[in-house]
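Here is what each chain is made of, one letter per residue.
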There are 2 protein chains.
Amino acid sequence: MSTRNSRSELEKTAVQLFRKLGTRTVLFHQAAAQALGLFPTDLKSADILNEAGPMTAGELGKKTGLSTGSVTALVDRLEKAGYVAREKDPNDRRRVVIVPLTASKKHIKDLFRPLSESTMDLCREYTEEELELIFSFVGKAADIMEEELERLKQ
Amino acid sequence: MSTRNSRSELEKTAVQLFRKLGTRTVLFHQAAAQALGLFPTDLKSADILNEAGPMTAGELGKKTGLSTGSVTALVDRLEKAGYVAREKDPNDRRRVVIVPLTASKKHIKDLFRPLSESTMDLCREYTEEELELIFSFVGKAADIMEEELERLKQ
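Since the structure is predicted, the reported quantities are computational estimates derived from the model, not experimental observations.

### A look at the interface of chain A and chain B
Thought 1: Contacts between chain A and chain B engage 70 residues on the former and 70 residues on the latter.
Thought 2: Taken together, the two surfaces of chain A and chain B that pack against each other cover about 7,100 Å², and 72% of this comes from carbon and sulfur.
Thought 3: Looking at the side of chain A facing chain B, the largest losses of area belong to R24, F137 and M145 of chain A, adding up to 9% of the total buried there.
Thought 4: Between R24 of chain B and E146 of chain A there is a salt bridge whose closest N-O contact spans 2.9 Å.
Thought 5: Counting across the chain A and chain B interface gives 18 residue pairs in polar contact (both at pLDDT 80 or more).
Thought 6: Going through the elements one at a time, α1 (3–35), α2 (40–52), α3 (57–64), α5 (102–123) and α6 (128–153) of chain A are the ones with two or more residues in the side of chain A that touches chain B.
Thought 7: The greatest single-element share of the side of chain A that touches chain B, amounting to 26 residues, is contributed by α1 of chain A.

Below, the structure written as structure tokens:
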């Protein structure tokens, strides 16, 4: 096999592999959300709130790419599930912020723990130099995904 | 920094990195589905049908981890959008199979093309040996996701 063929094969493999990973990621989040009685976007939004802290519905909409109506329905579901609370911003009483609640953090952490542990076990099969190379690639792949997300939202 | 610390830092980085990639993947699929007027699970199911070919609702439920009721609603939405058709199995007229339609293939391909092209551009920054190492890791990460999905469905 010539180098050109082997490279083009490798590039096709990359696309198939990330597609496979993408499909499984979406299905995993769907199943995880279902296990918590939520929609997949709800779970990701709860995750974003846990990471970034309280924010307004408008800010959450921007971060998720969801419409105002969808964000309202989403916050209603999360509030009903006891994952977030709508509170008045102490610095500006006219602003309502969505505050992540501790229950949400624990449930989500428990759900993802086996995945985190398996990922760490996998890392132990590689040297530090290998991991640095792999993470540089995966980090860039995550950036590409972010750029594509921005493009889709336009 | 001692080797132990640096390794444990790297393992934490891995978890954060895959979490970031996971969040962006879920949000990307959400936005892509929205652009096509579908739910994220719908898009993934159309993708699965395009890859694997016609199957029964029961088989699609097994592959996606969705309940019978959810699959029925999903196939209704995909049929309305012109992405699939319900047809009698030519080998067994009592069986109804869900058949992916060509329109779905083209729309989904167009939506994902820039992502595929950027991924292939990224690959060109690495040597073949580096890519083989990276893909072995990503492939195993995809397998972990599959195992975790199976666990969640139980």
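### A short note on the packing of α6 of chain A against helix α6 (residues 128–153) of chain B
Thought 1: Relative to each other, α6 of chain A and α6 of chain B sit at 80°, their axes nearing to 10 Å. When the axis of α6 of chain A is compared with that of α6 of chain B, the two are roughly perpendicular. In this structure, α6 of chain A uses E130, L131, L133, I134, F135, F137 and V138 of chain A to contact α6 of chain B, whose residues at the interface are E130, L131, L133, I134, F135, F137 and V138 of chain B.
Thought 2: Classifying every residue of the contact of α6 of chain A with α6 of chain B gives 12 nonpolar, no polar and 2 charged.

### Focus on helix α4 (residues 68–80) of chain B
Residues and elements named next belong to chain B.
Thought 1: For α4, which comprises 13 residues, the first-to-last C-alpha distance of 18 Å matches the rise-based estimate of 18 Å (1.5 Å per residue) to within 8%.
Thought 2: Turning to α4, its buried residues number three or more, namely V71, L74, V75 and L78. Considered in projection along α4, the buried side chains sweep an arc of 100° and stay on one side of the axis.
Thought 3: In this structure, the buried residues of α4 make contact with α2 (40–52), α3 (57–64), β1 (84–89) and β2 (92–100).
Thought 4: Phi for G82, located one or two positions after α4, is positive at around 80°.

### Section: the nonpolar core
Nonpolar side chains in soluble globular proteins tend to end up buried together.
Thought 1: If you look at the biggest cluster of nonpolar residues, it comprises 89 residues, and the most contacted ones within it are L60, F135 and F137 of chain A together with L60, F135 and F137 of chain B.
Thought 2: Discounting chain neighbours no more than four positions away, the residues touching L60 of chain B are S45, I48, L49, M55, V71, L74, V75 and I98 of chain B.

### Section: the pattern of salt bridges
Thought 1: Overall, the coordinates contain 26 salt bridges over all chains when judged by the stated rule.
Thought 2: For R113 of chain A, the salt bridge is made with D110 of chain A, and the minimal N-O distance between the two is 3.2 Å. Separated by 3 residues within a single helix, R113 of chain A and D110 of chain A lie in helix α5, roughly one turn from each other.
Thought 3: When its relative accessible area of 39% is taken as the criterion, R113 of chain A is described as partly exposed.
Thought 4: When its relative accessible area of 31% is taken as the criterion, D110 of chain A is described as partly exposed.
Thought 5: Between D121 of chain B and R124 of chain B there is a salt bridge, and its shortest N-O distance comes to 2.8 Å.

### Side note on the relation of the copies chain A and chain B
Thought 1: Between chain A and chain B, which share one sequence, the superposing operator has a rotation angle of 180° and an axial displacement of 0.0 Å; the RMSD is 0.0 Å. Within this description, the copies of the chain are treated as partners about a two-fold rotation axis.
Thought 2: The share of interface residues of chain A whose copies in chain B are also at the interface is 100%, consistent with both copies meeting through the same surface.

### Digging into the pairing of β2 of chain B
All names here are of chain B.
Thought 1: The pairing of β1 with β2 spans 6 bridges and is classified as antiparallel. Its bridge partner lying in β2, A85 is registered against V99.
Thought 2: Following β1, the chain reverses through 2 residues before pairing antiparallel with β2.

### Remarks on the state of the cysteines
Thought 1: The tally for this structure, following the rule as stated, stands at 0 disulfides over all chains.
Thought 2: Distance from the sulfur of C123 of chain A, which forms no disulfide, to the nearest cysteine sulfur (C123 of chain B) is 20 Å.
Thought 3: Judged by its relative accessible area of 0%, C123 of chain A is buried.

### Some remarks on the packing of aromatic side chains
Thought 1: Applying the stated rule across the entire model yields 8 aromatic pairs over all chains.
Thought 2: Judged by centre distance (5.5 Å) and plane angle (70°), the rings of F28 of chain B and F112 of chain B are edge-to-face. Taken together, the residues span a long stretch of sequence, with F28 of chain B in helix α1 (residues 3–35) and F112 of chain B in helix α5 (residues 102–123) at a distance of 84 residues. One exposure class covers both F28 of chain B and F112 of chain B, and it is buried.
Thought 3: Clustering of aromatic rings is evident, with ring pairs tying together F18 and F137 of chain A together with Y126 and F135 of chain B.

### What to know about the packing of α2 of chain B against α4 of chain B
Working note: a packed helix pair is described by the angle between its axes plus the distance between those axes.
Residue and element names in this part refer to chain B.
Thought 1: Running from N to C, α2 and α4 point in directions that differ by 75°, and their axes come no closer than 10 Å. One element, α2, and the other, α4, form an angle in the roughly perpendicular class. For the pair α2 and α4, contact is made by T41, D42, S45 and A46 and by L74, R77 and L78, respectively.
Thought 2: Split by residue class, the contact of α2 with α4 holds 3 nonpolar, 2 polar and 2 charged.

Rules of the game
- Residues numbered from 1 in each chain as written.
- Chains lettered and ligands numbered in written order.
- Predicted model: local features only at pLDDT ≥ 70, side-chain atom pairs only at ≥ 80, totals over all residues.
- Heavy atoms only, no water.
- Contact = heavy atoms within 4.5 Å.
- Buried area = accessible area lost by both parts, 1.4 Å probe.
- Salt bridge = Lys/Arg side-chain N within 4 Å of Asp/Glu carboxyl O.
- Polar contact = N/O pair within 3.5 Å; in protein donor to acceptor, adjacent residues only side chain to side chain.
- Helix = DSSP H or I, 4+ residues; strand = E, 2+ residues; numbered from the N terminus.
- Axes fitted to C-alpha atoms, helices over the stretch in contact; angles between N-to-C directions.
- Parallel < 35°, antiparallel > 145°, perpendicular 65-115°, else oblique.
- Nonpolar A, V, L, I, M, F, W, Y, C, P; charged D, E, K, R; others polar.
- Expected span 1.5 Å × (residues − 1).
- Buried < 20%, exposed > 50% of the residue type's maximum accessible area, 1.4 Å probe, protein only.
- Arc of directions from axis to C-beta.
- Core = buried A, V, L, I, M, F, W, Y, C linked by side-chain atoms within 4.5 Å.
- Least-squares fit on C-alpha atoms with pLDDT ≥ 70 in both.
- Pairing = 2+ DSSP bridges.
- Disulfide = S-S within 2.5 Å.
- Phe/Tyr/Trp six-rings, centres within 6.5 Å; stacked < 30°, edge-to-face > 60°.

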